Amino acid sequence: MIITPPPRGYDRQFRQEIAHHLLQAALRAVDPKETIRRYVRLRGHDLKIGERAYDLHQYRRIMVVGAGKATAPMAQALEEMLGDWLSGGIINVKYGYIAPTSKIELNEAGHPIPDEKGVAGTKCIADLVRSAGRDDLVICLLSGGGSALLTLPSEGISLADKQRLTELLLRSGATINEINTVRKHLSQLKGGGLASLAYPAQVISLILSDVIGNSLDVIASGPTVADPTTFQEAYAVLEAYKLVDEVSRPVVAHLLAGCRGLTPDTPKPGDAIFTRVYNLVIGGNDSAARAAMKEAIDGGFNTLLLSTYVEGEAREVANVFAAIAKEIHFSGGPLARPACVIAGGETTVTVKGDGLGGRNQELALAAAIKIDGLEDVTIISVATDGTDGPTDASGAIADGTTLRRARGLGLKAVDYLVNNDSYHFFQRLGDLIITGPTNTNVNDLIFVFVV
């Protein structure tokens, strides 16, 4: 880090600089191409992935499939490495999240709401893996966003049904684990479905995690992983968030048929198909958070990596981080100034207003209300993929001057929070963080500074 924290207090330019430096360090640690190169090695015809080795002479075809916001640069790295060994492939990526490839087709599609392009690309992926035999190698690339991008609804479920369901779940406050439990039971490829189609081919999944704790069955809804969840649990999610009467009748009918044993459940642990599958996580939120911590330490901050398991309602999580900032401000603990507390994870937002925002912007707005007047405190929340909710911002910066500046513009922070309109609040203040697509996705990062 080139900057040095001043003895006490700092201006907005400095806040933006430290946010930029720490975020860039975090993103470098989970750069998709570099993570592939870190875990995949080719020596002649011997391919080493993680701790396993594969003789490429044994395979008739080597194909690449997958989905996620980070998979284009992952595919690019594999192409460069495998060269003529690679037969081809197709992956689904979010619009704009692309990188030049030649043998692997990139199909841009909708996220977080699936669209027709996503369905068309997923059909092509399904056809390709279905054609694989025992002497074929299927390399599956997965990252955050894969659930929405790898969309092939179960028989009787339309794309419109899935779109409506996704919108309702995203607005309900449900966790990503709960959302993906439902998705897996309404899809042909999620919840081990892709592995089932590819069997008996050898399948290797290289996974960049956007899930707290790196649970394999949750990342991208686990298309190559045994699914421990059931139809009963999927239906219970709809009940818990009072969505049974809001989703389409075909969705409810399909889940109920599964609950009654009329529709086969997803492949479970112990199924023979998974003897031909190797799943490997090559990066996640913990890697990004540790890199940001090192950057903060190098910059002269007393630094604490608090947790990479942060979850819960964004505005409630904001209260906790505001409380930590106040503790440092008033008592000098648990860190001495200049202090930097780092955390990672993924919060949720129960949308009740009609404003625009995302979970990181909402967290920052709620925090700003709690730290009003503490001019030595800054709280930053940012999405590592560059997209926070349905906005062009990746997050926002809040500090002890935020509300004073907002009042000067006639903005009432509480009203914006009630309306879930954090984007327009921070836009007026010039405190949005806009990075553009980062081509990676490992959850969110939260920074608390007290100097």
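How each quantity is defined
Residues numbered from 1 in each chain as written. Predicted model: local features only at pLDDT ≥ 70, side-chain atom pairs only at ≥ 80, totals over all residues. Heavy atoms only, no water. Helix = DSSP H or I, 4+ residues; strand = E, 2+ residues; numbered from the N terminus. Rg over C-alpha atoms; globule rule 2.2 N^0.38 Å. Buried < 20%, exposed > 50% of the residue type's maximum accessible area, 1.4 Å probe, protein only. Contact = heavy atoms within 4.5 Å. Areas by Shrake-Rupley, 256 points an atom, 1.4 Å probe, with all protein chains shown as cover. Axes fitted to C-alpha atoms, helices over the stretch in contact; angles between N-to-C directions. Parallel < 35°, antiparallel > 145°, perpendicular 65-115°, else oblique. Left-handed = near helix turned anticlockwise from the far one by under 90°. Nonpolar A, V, L, I, M, F, W, Y, C, P; charged D, E, K, R; others polar. Phe/Tyr/Trp six-rings, centres within 6.5 Å; stacked < 30°, edge-to-face > 60°. Core = buried A, V, L, I, M, F, W, Y, C linked by side-chain atoms within 4.5 Å. Pairing = 2+ DSSP bridges. Right-handed = clockwise from strand over helix to strand, strands pointing away. Salt bridge = Lys/Arg side-chain N within 4 Å of Asp/Glu carboxyl O. Arc of directions from axis to C-beta. Polar contact = N/O pair within 3.5 Å; in protein donor to acceptor, adjacent residues only side chain to side chain.

1. Points about the overall build of the chain
On a plain count of helices and strands, the chain comes out with 16 helices and 15 strands. Against the 2.2 N^0.38 benchmark of 22 Å for 451 residues, the chain shows a C-alpha radius of gyration of 23 Å, consistent with a compact globule. Projected onto the principal axes, the alpha-carbon positions of the chain cover approximately 65 × 55 × 35 Å. A buried classification covers 60% of the 451 residues belonging to the chain. Residue pairs at least 24 apart in sequence account for 79% of intrachain contacts in the chain once pairs closer than 6 positions are excluded. Working note: accessible area of the chain is about 17,000 Å², and carbon and sulfur atoms make up 51% of it.

2. A few points about the packing of helix 13 (residues 359-370) against helix 16 (residues 422-429)
The interhelical angle for the contact between helix 13 and helix 16, taken along N-to-C directions, is 70°, at an axis separation of 9 Å. Considering the angle they form, helix 13 stands roughly perpendicular to helix 16. With respect to the hand of their crossing, helix 13 and helix 16 are arranged in left-handed fashion. Taking contact as the criterion, the partners of Gln361, Glu362, Ala364 and Leu365 in helix 13 are, on helix 16, Ser422, Tyr423, Phe425 and Phe426. Considering only residue class, the contact of helix 13 with helix 16 consists of 5 nonpolar, 2 polar and 1 charged.

3. Section: the packing of aromatic side chains
Under the criterion given, the structure shown has 4 aromatic pairs. Joined through ring pairs, the aromatic side chains of Phe301, Phe447 and Phe449 make up one cluster.

4. Points about the nonpolar core
Across soluble globular proteins, you tend to see nonpolar side chains buried next to one another. Membership of the largest hydrophobic core comes to 54 residues, with the highest contact counts inside it found for Ile36, Ile49, Ile139, Leu141, Leu206 and Phe447. Here this core gets 7 residues from one element, more than from any other, and that element is helix 1 (residues 12-29). Residues in contact with Ile36, not counting those within four places in the same chain, are Met74, Ala77, Leu78, Met81, Leu141, Leu206 and Ile282. Ranked by size, the runner-up nonpolar core spans 41 residues in total, among them Ala314, Ile328, Ala396 and Leu417.

5. Quick word on the pairing of strand 10 (residues 302-310)
Summarising the sheet, strand 10 and strand 11 (residues 339-345) pair through 6 bridges and their orientation is parallel. When the bridges of strand 11 are listed, Leu305 appears paired with Ile342. In terms of handedness, the path from strand 10 via helix 12 (residues 314-331) over to strand 11 forms a crossover that is right-handed.

6. Points about the sheet that holds strand 4 (residues 61-67)
Read across the open sheet, the 6 strands follow the order 6-5-4-7-8-9; overall the sheet is parallel. Edge positions in the sheet fall to strand 6 (104-109) and strand 9 (277-283), since each of these pairs with one other strand and no more. This sheet shows a mean twist of 15° between the axes of neighbouring strands, independent of strand direction. As defined by bridge partners, strand 5 (residues 88-94) adjoins strand 6 across 6 bridges and the pair is classed as parallel. Note on strand 6: the bridge partner recorded for Gly89 is Ile104. Contacts from helix 2 (residues 32-39) reach strand 7 (136-143), strand 8 (202-208) and strand 9 within the one sheet, and its direction differs from that of strand 9 by about 125°. Sheet strands in contact with helix 4 (residues 116-130) are strand 4, strand 5, strand 6 and strand 7, and its direction is about 155° off that of strand 5.

7. Details of helix 7 (residues 176-184)
Listed as buried for helix 7 are Ile179, Asn180, Thr181, Val182, Arg183 and Lys184. Looking at the buried side of helix 7, the elements it contacts are helix 5 (146-149), helix 6 (159-172) and helix 9 (231-240).

8. Let's talk about the pattern of salt bridges
Overall, the coordinates contain 23 salt bridges when judged by the stated rule. Arg130 is the partner of Asp127 in a salt bridge, and the nearest nitrogen-oxygen pair spans 3.0 Å. On the criterion of helical spacing, the pair formed by Asp127 and Arg130 is a turn pair, its members being 3 residues apart in helix 4. Owing to a relative accessible area of 48%, Asp127 belongs among the partly exposed residues under this scheme. A relative accessible area of 43% places Arg130 in the partly exposed class. A salt bridge links Arg315 to Glu362; its shortest N-O distance comes to 2.7 Å. Here Arg315 is found in helix 12, whereas its partner Glu362 is found in helix 13, with 47 residues between them in sequence. Residue classification places Arg315 among the partly exposed residues on the basis of a relative accessible area of 24%. Classification of Glu362 as buried rests on a relative accessible area of 3%.

9. Let's talk about the sheet that holds strand 2 (residues 46-49)
Spatial ordering of the open sheet is given by 1-2-3, a layout of 3 strands whose pairing is antiparallel. Strands with a single pairing partner mark the edges of an open sheet, and in this sheet they are strand 1 (40-43) and strand 3 (52-55). Across the sheet, the mean angle separating the axes of adjacent strands is 20° when strand polarity is ignored. Lying over the sheet, helix 2 contacts strand 1 and strand 2, oriented at roughly 55° with respect to strand 1. Against the sheet, helix 3 (residues 71-82) contacts strand 1 and strand 2, and its axis sits at roughly 15° relative to strand 1.

10. Some remarks on unusual backbone geometry
Backbone torsion omega between Tyr199 and Pro200 reads 15°, so that peptide bond is classified as cis. With respect to the secondary-structure elements, Pro200 resides in the loop between helix 8 (193-198) and strand 8. Here the amide bond leading from Arg337 into Pro338 is cis, since omega sits at -10°, within 30 degrees of zero. Within the secondary structure, Pro338 sits in the loop between helix 12 and strand 11. Even without glycine at this site, Asn420 takes up a positive phi of about 50°.

11. Focus on helix 2
Among the residues of helix 2, Pro32, Lys33, Thr35 and Ile36 are the ones counted as buried. With its buried residues spanning 165° around the axis, helix 2 presents them on a single face. Residue Asp31 occupies the N-cap position of helix 2, its side-chain oxygen lying 3.2 Å from the main-chain nitrogen of Lys33.

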